[in-house]
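An overview of the molecular structure
Listed below are the residues making up each chain.
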Amino acid sequence: MNRRFLNLILQDSNTRIRSLYLLDPWKHLFYPSTGKTEAAAVRAEPENQKQDALINPLKLHKPRFRFESDPRVKSMHLFSVLPKESCLLLADSTESAFLYDVDLNAELPIPAMNFPKGPNCVCFSTPHPNPYYPLDTHCLYVLDLSPATAINTIGSSFEVLNYFSSDHFSTPQLSPSYKNSYYWQSLPQPPLAGDKCSSMMVGGSTICVSSVEEGVGAYTFDMLNKVWTCQVGNEWVMPFYGKAEYVPELSLYFALSADSPRRLCALDCASTTPPAGPPTLRHTFDCLDHLPEKWSTYKSHLANLGSGSFCIVSLCENMKRQFAVFTGVEVKPCNDGGGPLRMIRHLSERYNLGSHSVKCAL
């Protein structure tokens, strides 16, 4: 199922106000017809690429929601999408958290986290791993990979939000005991931490984390038994950067390459739980247009739009000016599903950040 929009949160460095924008990727970053898509695939061939591709400017309209930071709070770090696409979890660098429903333009307070989290968090949303729990019980695992950056470094950097999903966002709010529908649970500390970590969720029951730092290696977390395990030899690392996204239509994981954030890689993970080794690199694609020569990319992020479509957000700078470049890409099999995978790079648009910074793109 394809996403309707990309949730983009920008922060004004002068006022500290954060604004939520809803970016329609199918309008801005993807061609509307099969013919134009095929033409884009031809232009993407190496011999047809231009060195300095023209990237059209992106115009963001009125934000859907604005929220200010408490002057006593250092920053708001945690943003995540729950299974319902329009429902966002937001939390600051203390323990405070709330939900925001985009469709209803409604806020819902939820219990505070047990411990604050820093800016380098990764989240995994899944049905509850215990098969004896009700089917509508979900979990959001929140892992802080750099706990030292949180305000209070004493406490768990790993927690799970247990909640009961509902088709009606306002239902729990109308109940006097609505807070009982959401509760945080502290989990064992991961044996590793750092900015340069890769992560993925395998089979809805195992979280894998590895570090590029020498001697750290890889660990898996059993979500049912709540136990971290060091992988055999503790010597392998995952060949990608950041968080890998699973695409069920292709039975593969996708992430940005560890060698270059400008390349998209497709990975196959062993069916054993926990995995017996790192995911296998199946394909690598050059996913971004050639940026102007004087532009330098300092950070990239992959957003899964569903069914093999992605948005790659690249943060760039040129002469002290900063831009966010959004690129739409699509991965699909050749020959109507019977051939190898190919990647089609659709459109790119750039947004001049000015006094703003990108807090997240979900």
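Up top is the structure these notes are about.
Residues numbered from 1 in each chain as written. Predicted model: local features only at pLDDT ≥ 70, side-chain atom pairs only at ≥ 80, totals over all residues. Heavy atoms only, no water.

Strands sit in the order 4-2-1-25 across an open sheet of four strands; the sheet is antiparallel. What marks the edges here is a single partner per strand, and that holds for strand 4 (65-67) and strand 25 (356-361). Averaged over all adjacent pairs, the angle separating strand axes in this sheet is 25°, with direction ignored. Pairing geometry for strand 1 (residues 6-12) and strand 25, over five bridges, is antiparallel. What sits directly across from Leu10, in strand 25, is Val358. (Pairing = 2+ DSSP bridges. Helix = DSSP H or I, 4+ residues; strand = E, 2+ residues; numbered from the N terminus. Axes fitted to C-alpha atoms, helices over the stretch in contact; angles between N-to-C directions.)

Of the strand pairs in this sheet, strand 15 (residues 218-222) and strand 16 (residues 227-230) are connected by four bridges, and their pairing is antiparallel. If you follow Phe221 over to strand 16, its bridge partner there is Trp228. Linking strand 15 to strand 16, which pair antiparallel, is a turn of four residues; within it Lys226 sits at a positive phi near 60°.

Strand pairing in a sheet relies on backbone hydrogen bonds. The paired strands run either parallel or antiparallel. With respect to topology, eight strands assemble into an open sheet ordered 16-15-14-13-17-18-19-20, the strand pairing being mixed. Of all the strands in the sheet, the pair left with one neighbour each is strand 16 and strand 20 (280-286). Going across the sheet, the axis of each strand differs from the next one's by a mean of 25°, ignoring polarity. Strand direction decides the pairing type here: strand 17 (residues 240-247) and strand 18 (residues 252-257), joined by five bridges, are antiparallel. When the sheet's bridge partners are listed, Val247 is paired in strand 18 with Leu252.

Among the secondary structure elements, Asn7 is positioned in strand 1. Among all residues touching Asn7, those that are not within four sequence positions of it are Leu20, Tyr21, Leu22, Val81, Glu85, Leu88, Val102, Cys360, Ala361 and Leu362. (Contact = heavy atoms within 4.5 Å.)

Residue placement: Thr229 occurs in strand 16. On a C-alpha basis, the gap between Thr229 and Pro190 in space is 9.4 Å, while along the polypeptide they are 39 residues apart. Beyond its immediate sequence surroundings of up to four residues, Thr229 is in contact with Ala218, Tyr219 and Thr220.

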